[in-house]
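The lines below spell out each chain.
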Amino acid sequence: MMMRHFPEWSLRDPRQHGNSTPAHHGSLKVATPCRCLELGLLALLACTVAVPSLSKTPPNFVLITIDTLRADHVGCYGDHEARTPNLDALARGSVLFRTVVASVPLTLPSHCSILTGTYPTRHGVRDNLGYRLGNATPTLASVLKEHGYSTAAFIGADVLDPRRGLDRGFDTYSCPLRRKIGRDNPLVFNLQELRRPADSVVADALDWIATEAAHSRKPFFVWIHLYDPHTPYDPPERFRSLVTSPYDGEVAYADYAVGKVFYDLKQRGLYDSTLVVATSDHGESFGEHGEYSHGYFVYDTTLLVPLIIKPPSGFAVAPHKVDTAVRTIDIAPTVLQFLHVPVSPDMEGSGRLPMMLDSGTNKSPDETAYSETYYPNEFGWSVLRSLRSGRFKYIDAPKPELYDLVADSAELHNLYPGRRAVALALKSRLESLMATDAPARAIQRAPSSAEEVGLLASLGYVGTSTSTSETGRDRRLPDPKDELPTFKVLSSATQLAAENKCDDAIPLLTRLIQQQPELALGHLTLAKCALSTGQYAAAAQSLDAALRLQPDNLEARFYKGICSFQQGQLDEALSSLEAVEKALPREPYVHFYLGLIYERQQRAESALAEFQECASVDPDFEVAVYKVGYFLAKAGRFSDAAAEFKRVIALDPDNPSAHYNLALAYAKSGDEYAARPEFETACRLSSAMCMREGQQ
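Being a predicted model, the structure only gives us computed values, none of them experimental. (Residues numbered from 1 in each chain as written. Predicted model: local features only at pLDDT ≥ 70, side-chain atom pairs only at ≥ 80, totals over all residues. Heavy atoms only, no water.)

**Structural notes on the packing of helix 23 (residues 656–668) against helix 24 (residues 672–685)**
Relative placement of two packed helices is described by the angle separating their axes and the distance separating the axes.
Next, step 1: The interhelical angle for the contact between helix 23 and helix 24, taken along N-to-C directions, is 160°, at an axis separation of 8 Å. Relative to helix 24, the element helix 23 is oriented roughly antiparallel. Crossing of helix 23 against helix 24: the hand is left-handed. Counting all contacts with helix 23, which are made through Pro656, His659, Tyr660, Leu662, Ala663, Leu664, Tyr666 and Ala667, the residues of helix 24 involved are Glu672, Ala674, Ala675, Glu678, Phe679, Thr681, Ala682 and Leu685.
Next, step 2: Here the contact of helix 23 with helix 24 is composed, by residue class, of 12 nonpolar, two polar and two charged. (Axes fitted to C-alpha atoms, helices over the stretch in contact; angles between N-to-C directions. Helix = DSSP H or I, 4+ residues; strand = E, 2+ residues; numbered from the N terminus. Parallel < 35°, antiparallel > 145°, perpendicular 65-115°, else oblique. Left-handed = near helix turned anticlockwise from the far one by under 90°. Contact = heavy atoms within 4.5 Å. Nonpolar A, V, L, I, M, F, W, Y, C, P; charged D, E, K, R; others polar.)

Here it is, written out as structure tokens:
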């Protein structure tokens, strides 16, 4: 494998080269021309696209999505304090779209729109929680694979785990983030196991590209997803010190990793002939409209993203900037135009190659852009939808909103009361779009496991396993604007709970449900905190309250089973967990706790079956694998037991009990030679094991 040597990331203070206006989080920044930074070998050298080539080889394609990248925090979009030299250099040799509208301010559904070229109304994925992209809608990967491409994806966070359906069409889908469930608290998840840093993602991708370049004659499509700018913001120190906010430090770090990709492609002689698309799934809010992070509202702070497209050689596309508003659903058909692949009739986006070839000499009209968020429906509040056309943007909510984006880019002055005719015209167009929703193709919401809810909570996403309305169109539901204070408390408490700080979360939640006793998610979150801190009676009381409000909430039913088990109420625990198992037959924690119940009831065969099912669903569930070995040994199946204890040791080499029981299994099988080193290892790891060995 070719060794990669990356030059140092050379930066100059942009304030030495002109405008020194600080980049504030409190308002959207006005787009200005890209600034030039001297970057050494990482700089993009070409300022124009190469002349047409006679080569008939289809071009390679690299898609880079930098999660949560707000457009106006990138240098070439006007942020003079941004440290994004590699994206800025890419823009100087590419086509930059100034106004790009995402379809959803949430990671999973937005990426589904990017990769399918369709709105959520068609691909059916409306939220991060409880949805999976089905097989009916073609994706870029599935289309390109059919046309002879090698395909690979390298993912930065669990929210795009292959279980969510975006792996379809990829030969390789690298997302090594499944949590290794073991002996820790089932309510607490390690954030470092749910996301991986940009350097790791890029190194993985470049290894794959190296192999493809050396051994494959096929063109390749590689998708690189960098999660770093997403909350919580924790950039490496060298990038944190460059900027004034941790978020911008994460952006700088992601840009540095992107530079490695460009450098590697150049070193391999692949850069000029490769189509490169850099974009994001959604932006980020820093207090505008009272929102922090993203997903709750559909204002432009979380919907406007960068889009930079570098054509492959062979296209007479000069670098320029496009003022016409486009959408992230336009990316997929545009890519297929560049790759000479027929655009799927399923795609709702528009191919932008003609606009790029035009170089802006003929201004095209802005496309109507639809956006939505189902996130408020997680709390029993209304879904929000928006339609952007020309200078106006209409937000469909229980209390409708209308904004003139030219006169009021910050969306501060609601014109709905005085411009009702404009609003109603946009509403009519939105309703026409909604009428094209194809229910038969939409992915029906699947029940969410407690593990899935907990994983997303650790990534900063508040949610539950039950929504109030599948469509969210019930006008009787509260307007999210009115429920913002409640959402903020829930978000803070949920994040504290995910960080194992339930003692701080419980007072917040207690006050919240006193004020809003009908808030099921408040009762459920309080119950999880009480359960995590061993307050089982209080947890049971809160779970009963949650189930009275939402009898079908599987997450509440699951924790009710755990709570009953901890209180020694085995029949009640069994009843709760069996109900969950019927709806979620592949949820490992359900099988694990069923195994514990059967073990306490001395039903060894049933316990073994449940632990085996748990370990089958999640081979990294260390305690379940250990329990399988234990019950096999009790049944006299020592050879099979030894195999399971070796699996435990592979997961955790420093587990003294696993070494000790492996030694016993060997000894019972008559293999004293193999048993001896395992006894010695167990003794070295735990003095208690030495004493037990002496008693044999």
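**Structural notes on the packing of aromatic side chains**
Next, step 1: Enumeration according to the criterion identifies 36 aromatic pairs in this entry.
Next, step 2: Residues Tyr119 and Tyr370 carry aromatic rings whose centres are separated by 5.3 Å and whose planes lie at 80° to one another, so their mutual orientation is edge-to-face. Of this pair, Tyr119 sits in the loop between helix 2 (107–116) and helix 3 (120–123) while Tyr370 sits in strand 13 (residues 369–373), placing them 251 residues apart in sequence. Of the two residues, Tyr119 and Tyr370, both sit in the buried class.
Next, step 3: Ring geometry for Trp208 versus Phe220: centroids 5.9 Å apart, planes at 85°, classification edge-to-face. On the criterion of sequence distance, the pair formed by Trp208 in helix 5 (residues 198–215) and Phe220 in strand 6 (residues 220–226) is long-range, its members being 12 residues apart. Take Trp208 and Phe220: they sit in the same class, and that class is buried.
Next, step 4: Each member of the aromatic cluster is reached from another via a ring pair, and the members are Phe558, Tyr559, Phe565, Tyr589, Phe592, Tyr593, Phe611, Phe621, Tyr630 and Phe631.
Next, step 5: Here the basic side chain of Lys266 rests over the ring of Tyr271, its NZ or CZ set 5.0 Å away from the ring centre.
Next, step 6: Sitting above the plane of the Tyr271 ring, Lys310 keeps its charged end 4.8 Å from the centroid. (Phe/Tyr/Trp six-rings, centres within 6.5 Å; stacked < 30°, edge-to-face > 60°. Buried < 20%, exposed > 50% of the residue type's maximum accessible area, 1.4 Å probe, protein only. Lys NZ or Arg CZ within 6 Å of the ring centre and 35° of its normal.)

**Thoughts on the nonpolar core**
Next, step 1: Counting residues in hydrophobic clusters, the biggest one holds 89 residues, and the most contacted among them are Phe558, Phe592 and Tyr593.
Next, step 2: Counting residues per element, this core draws most heavily on helix 19 (residues 588–600), which supplies eight residues.
Next, step 3: Listed in part, the 52 residues of the second largest apolar core include Val100, Tyr131, Val305 and Met355. (Core = buried A, V, L, I, M, F, W, Y, C linked by side-chain atoms within 4.5 Å.)

**Here we look at the sheet that holds strand 10 (residues 307–310)**
Next, step 1: The eight strands are arranged 5-4-6-1-7-10-2-11 in an open sheet whose pairing can be described as mixed. Of all the strands in the sheet, the pair left with one neighbour each is strand 5 (172–174) and strand 11 (320–322). Within this sheet the neighbouring strands show an average axis-to-axis angle of 10°, counted without direction.
Next, step 2: Bridge count between strand 7 (residues 274–279) and strand 10: four bridges; the pairing is antiparallel. Across the sheet, Val276 pairs through a bridge with Lys310, a residue of strand 10.
Next, step 3: Along the sheet face, helix 2 touches strand 1 (60–66) and strand 6 and points at about 160° away from the line of strand 6.
Next, step 4: Its contacts with the sheet place helix 9 (residues 331–338) against strand 1, strand 7 and strand 10, and it is angled at close to 170° to strand 7. (Pairing = 2+ DSSP bridges.)

**A word on the pairing of strand 13**
Next, step 1: Of all five residues in strand 13, five are buried, a share of seventy percent or more.
Next, step 2: By the alternation rule, side chains of strand 13 split into Ala369, Ser371 and Thr373 and Tyr370 and Glu372, which are all buried.
Next, step 3: Pairing of strand 13 with strand 14 (residues 384–389) involves five bridges; the strand directions are antiparallel. Along strand 14, the bridge assignment pairs Ala369 with Arg388.

**Notes on unusual backbone geometry**
Next, step 1: For the bond running from Thr231 to Pro232, omega is -10°, close enough to zero to count as cis.
Next, step 2: Position of Pro232 relative to the elements: it lies in the loop between strand 6 and helix 6 (237–240).
Next, step 3: Its identity as a non-glycine residue notwithstanding, Thr68 has a phi of 65°, on the positive side.
Next, step 4: Assignment of secondary structure puts Thr68 in the loop between strand 1 and helix 1 (85–92).
Next, step 5: Thr68 sits in the buried class, given a relative accessible area of 0%.
Next, step 6: One non-glycine residue, His289, lies in positive phi territory at about 60°.
Next, step 7: Mapped onto the elements, His289 comes out in the loop between strand 8 (285–286) and strand 9 (292–293).

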